[in-house]
Amino acid sequence: MFTQLGGRLGRNILFAVTILFFGIPIVWLLLAPTKTNNGLSFQNPLSFGNLSQIGTAAGNLFGYNHGIIWTWALNSVWYTVASVVIALATAVPAGYALAKFAFRGRSTVLFVTLLTMIVPSAALILPLYLEMSAVGLTNTPWSVILPLTFYPFGVYMIYLFTTTSIPNSIIEAARLDGCSEFGIMTRVFIPLARPAIVMIAFFAVVGSWNSFFLPFIMLTSQDLATLQTGLQILVSSTGAINGGNLSNIPIRAPEVALAAIISILPILMVFLFAQKYLVAGQTAGAEKG
Amino acid sequence: MTITNSRVRRLRRRTPAWGFIAPYLVLLVLFGVAPAIYGLYQAFIVTSVVGDPSFSLVQNFIDVLSDYRLPGSALNVAVYLVIWLPILLLVVFTLALAMDAKRTRFATLTRFVTYVPGAVTGAAAALLWLFMFSPNVSPIGGFLRLFTTHNGSFLSDNTFALVLSVMGVAAGAGGWIVVVYGALTGISSDVVESAKLDGANAWQTVWHIKLPLIRSYIAFILIVSTAQGFQVFVEPTVIAAGAPGQVSRTWSINQLVYSYATEQSNYGRASALAILLLVVCVALAVFIITKTKFYSTGDR
């Protein structure tokens, strides 16, 4: 009884300290658009500025170049959805097969997959550009979408989940029942692996949504830019962060903070939605059947 | 690396595994292997200010290894790795295990909050972290002033590794917590229940049941996060961009790679250094893989 209570108290203190540590930057970011550029430097960092300042910041941000930020947001959505769908359609079967079938080259595929994950991305970006350029796809959405469909992290996560949490006996039972191999994957494996699939789907969304160097290198026209590259261009061209904004464009620290909040909102919404499904899968019941 | 277990071998005979893998393999070759091989080839192309590029097996590697900036960057990264990696792993596993022990709403909220700082990237991250680590405007300014040097500057190369470690943990822990928590929830509750029935307390369950069951995840996290640490790039770049002159723009090895590729347009040297970096990471990965029997298919 006493240790139970101590454990619970200890956990809650741990969580409270954690929330404090990880929460301070978030609170600061949420409060930043309520202040003026000067206020950010001279007011209490965690004070609330003025509600109307958010309106000013929003007006400045959405007014930039006739609201091109909406075009960037739409581009981000389209690139993310397309790449994540293809990434999942290829990574889930691959991770499943790597975990549950023995075949020549299995370890090699796993090792090469791991290798591509730890190759410094600086070494890959120019070759990727040349590749896309050779097939005439640079400065098209596909030059961003296609490289993002390659998802070694997802393959590994599915592989790890399947080896740890999905017993062979379930698959063997389905096979004895005369289920086709494709049917076993879609009707037995995928429902059981749902937490892992939701998790890699979430990380794929984040990876695509936040990808920076790829769209930065591949896309030249402003109408094709993503939220991330567009904002970066905007910020660096106005010097909004270094304090040296000498241009007439009213993009300064509060506007950048607002843009930051807008660009992470979709991710946080997906996280909250996905969180429900991360816990679900229990294979214990399935095994007894 | 040909660990196959007999049961899996039995499964093999009637299984069209390649059909499941083929689409992924196409992407692996096109967007993983092919660019990597081209990058490798580039490491042997020597560009010179005068005359045509020439081919040399060693020249770029010699040039890179004798760059006066490399020892400093390597030391910085080593210090960073020694501080950052243990803290990261400790935070990730402590929190994930605590969240798994009792799945309360408070635990769920904590998981969400730990994830948010990592979701802020690019220009927004630069702004956020610059303000966080500037003593005069930061919400933790009082704490930061404990570390300021006599000339009032906080971001010297000495304290930089510590600052980056804090930032690296804040930005990197949330994702891994989701992964480890996911792995822990994937453990069959039967196993944990029977351990409890046998009289195992919470700590024993963690040490003897839960952690061993997710050891392949642990190996994976070790490999990937060590590589991330060696290749630390975004954090120092972000801060260096916001505080020009205060910290070196080639603080880390990977920043040096980018400096070759962008400022000097010397892609050969960039590739050579990237490959050296990769060799270190792969050596560590192979060490971890052999130590943990990572590729065994398991006995289940």
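Rules used throughout
Residues numbered from 1 in each chain as written. Chains lettered and ligands numbered in written order. Predicted model: local features only at pLDDT ≥ 70, side-chain atom pairs only at ≥ 80, totals over all residues. Heavy atoms only, no water. Helix = DSSP H or I, 4+ residues; strand = E, 2+ residues; numbered from the N terminus. Buried < 20%, exposed > 50% of the residue type's maximum accessible area, 1.4 Å probe, protein only. Areas by Shrake-Rupley, 256 points an atom, 1.4 Å probe, with all protein chains shown as cover. Contact = heavy atoms within 4.5 Å. Buried area = accessible area lost by both parts, 1.4 Å probe. Salt bridge = Lys/Arg side-chain N within 4 Å of Asp/Glu carboxyl O. Nonpolar A, V, L, I, M, F, W, Y, C, P; charged D, E, K, R; others polar. Axes fitted to C-alpha atoms, helices over the stretch in contact; angles between N-to-C directions. Parallel < 35°, antiparallel > 145°, perpendicular 65-115°, else oblique. Left-handed = near helix turned anticlockwise from the far one by under 90°. Patch = residues over 30% accessible without salt bridge, like charges linked within 9 Å, V, L, I, M, F, W, Y side chains within 5 Å. Phe/Tyr/Trp six-rings, centres within 6.5 Å; stacked < 30°, edge-to-face > 60°. Lys NZ or Arg CZ within 6 Å of the ring centre and 35° of its normal. Polar contact = N/O pair within 3.5 Å; in protein donor to acceptor, adjacent residues only side chain to side chain. Expected span 1.5 Å × (residues − 1). Arc of directions from axis to C-beta. pLDDT = per-residue confidence, 0-100. 1 Å grid on protein atoms, 1.4 Å probe; cavity = no way out; pocket = protein on both sides within 12 Å on 5 of 7 lines; lining within 4 Å. Points joined across faces, edges and corners; volume = space filled by probe spheres on them.

## As for the overall build of chain A
Thought 1: What chain A contains, in helices and strands, is 15 helices and zero strands.
Thought 2: A buried classification covers 56% of the 289 residues belonging to chain A.
Thought 3: A total accessible area of about 12100 Å² is found for chain A, and carbon and sulfur atoms account for 68% of it.

## Section: the overall build of chain B
Thought 1: A tally of helices and strands in chain B yields 14 helices and two strands.
Thought 2: In chain B, which comprises 300 residues, the share counted as buried stands at 54%.
Thought 3: Restricting the contact set of chain B to residue pairs at least 6 apart, pairs at least 24 apart contribute 69%.
Thought 4: Of the roughly 13600 Å² that chain B leaves accessible, carbon and sulfur atoms contribute 65%.

## Observations regarding the interface of chain A and chain B
Thought 1: Between chain A and chain B, the residue contacts involve 107 residues of the former and 111 residues of the latter.
Thought 2: Carbon and sulfur atoms supply 74% of the area that chain A and chain B bury against each other, a total of about 9600 Å² over both sides.
Thought 3: A per-residue breakdown of the area chain A buries against chain B is headed by F15, F22 and I118 of chain A, which together make up 7% of the total.
Thought 4: Our enumeration of links across chain A and chain B arrives at zero salt bridges.
Thought 5: Ranked by residue count, the leading element in the side of chain A that touches chain B is helix α1 (residues 2-31) of chain A, at 15 residues.
Thought 6: Looking at the side of chain A that touches chain B residue by residue, the classes come out as 76 nonpolar, 21 polar and 10 charged.

## Side note on the pattern of salt bridges
Residues and elements named next belong to chain B.
Thought 1: Enumeration according to the criterion identifies six salt bridges over all chains in this entry.
Thought 2: Among the salt bridges present, the one from D100 reaches R103, with a minimum N-O distance of 2.7 Å.
Thought 3: The class for D100 is buried, based on a relative accessible area of 7%.
Thought 4: Residue E263 is joined to R249 by a salt bridge in which the shortest nitrogen-to-oxygen separation is 3.6 Å. Placement of the pair is E263 in helix α13 (residues 253-263) and R249 in the loop between α12 (234-242) and α13, with a sequence separation of 14 residues. Taken individually, E263 and R249 each receive the classification exposed, so the pair is uniform in this respect.
Thought 5: Shared partners join several salt bridges into a network, and the residues in it are D100, R103 and K210.

## A word on the side chain of D100 of chain B
Thought 1: Along the polypeptide, D100 of chain B turns up in helix α4 (residues 70-101).
Thought 2: Not counting residues within four places of it along the chain, the set of residues in contact with D100 of chain B comprises Y181, L184, T185 and K210 of chain B.

## Quick look at the packing of helix α4 (residues 68-100) of chain A against helix α2 (residues 17-42) of chain B
Thought 1: For the pair α4 of chain A and α2 of chain B, interaxial distance at closest approach is 8 Å and the crossing angle is 130 degrees. With respect to each other, α4 of chain A and α2 of chain B are oriented oblique. α2 of chain B is crossed by α4 of chain A, and the crossing has left-handed handedness. In contact with T90, P93, A94, Y96, A97 and L98 of chain A of α4 of chain A, α2 of chain B contributes A17, F20, I21, P23, Y24 and L27 of chain B.
Thought 2: By residue class, the composition of the contact of α4 of chain A with α2 of chain B is 11 nonpolar, one polar and no charged.

## Observations concerning a nonpolar patch on the surface
Thought 1: Residues L130 of chain A together with Y38, Y41, F55, L57, V58 and I62 of chain B make up a contiguous nonpolar surface patch of roughly 680 Å² in combined accessible area.
Thought 2: Looking at the element boundaries, L57 of chain B is found in the loop between β2 (54-55) and α3 (59-65).

## Quick look at the packing of aromatic side chains
Thought 1: By the definition in use, this model includes 30 aromatic pairs over all chains.
Thought 2: Note on Y38 of chain B and Y41 of chain B: the rings are 6.0 Å apart at their centroids and 50 degrees apart in plane angle, and the pair reads as tilted. Placement of both Y38 of chain B and Y41 of chain B in helix α2 is noted, with a separation of three residues, approximately one turn of the helix.
Thought 3: On the accessibility criterion, Y41 of chain B (41% relative accessible area) is partly exposed.
Thought 4: Aromatic ring contacts, followed pair by pair, group Y151, F153, Y156, Y159, F202, F203 and F271 of chain A together with F112, Y115, W176 and F220 of chain B into a single cluster.
Thought 5: Between R111 of chain B and the ring centre of Y181 of chain B, over which it is positioned, the NZ or CZ distance is 3.9 Å.

## Regarding the environment of R103 of chain B
Thought 1: Within the secondary structure, R103 of chain B is located in the loop between α4 and α5 (105-119).
Thought 2: In this structure the side chain of R103 of chain B is engaged in a polar contact, spanning 2.7 Å, whose partner is the side chain of D100 of chain B.

## Regarding helix α3 (residues 51-63) of chain A
Thought 1: Compared with the 18 Å implied by 1.5 Å per residue over 13 residues, the 19 Å span of α3 of chain A between its first and last C-alpha is a close match.
Thought 2: Among the residues trailing α3 of chain A, N65 of chain A stands out with phi positive, at a value near 50 degrees.

## Focus: helix α10 (residues 202-213) of chain B
Residue and element names in this part refer to chain B.
Thought 1: Over its 12 residues, α10 runs 15 Å from end to end, which matches the ideal 16 Å to within 8%, given 1.5 Å per residue.
Thought 2: All of the buried residues in α10 are T205, V206, K210 and L211. Buried residues of α10, seen end-on, are gathered within an arc of 135 degrees and therefore sit on one face of the element. Of the residues in α10, the exposed ones pointing more than 90 degrees away from the buried face are W207 and H208.

## Considerations on the confidence of the model for chain B
Thought 1: Averaged over every residue, the pLDDT of chain B is 82; the share at 70 or more is 85%.
Thought 2: Per-element averaging of pLDDT across chain B places helix α1 (residues 6-12) of chain B at the bottom with 51 and α4 of chain B at the top with 93.

## Overview of empty space enclosed by the protein
Using a probe with the size of a water molecule, rolled over the atoms, empty space left in the structure can be pinpointed.
All names here are of chain A.
Thought 1: Here the structure, examined in full by the defined rule, presents four cavities of 30 Å³ or more.
Thought 2: Approximately 60 Å³ is the volume found for the second largest cavity.
Thought 3: Around the second largest cavity sit 11 residues that line it, and L231, V235, E255, V256 and A259 are the ones nearest its centre.
Thought 4: Counting residues per element, the lining of the second largest cavity draws most heavily on helix α14 (residues 253-278), at four residues.

## Comments concerning the packing of helix α11 (residues 215-230) of chain B against helix α14 (residues 267-292) of chain B
All names here are of chain B.
Thought 1: Look at α11 against α14: their axes get within 10 Å of each other, and the N-to-C directions meet at 165 degrees. One element, α11, and the other, α14, form an angle in the roughly antiparallel class. Helix-helix and strand crossings are classified by hand; for α11 and α14 the assignment is right-handed. Between α11 and α14, the residues in contact are R215, A219, L222, I223, T226, A227 and F230 and L277, V280, C281, L284, A285, I288, I289 and T292, respectively.

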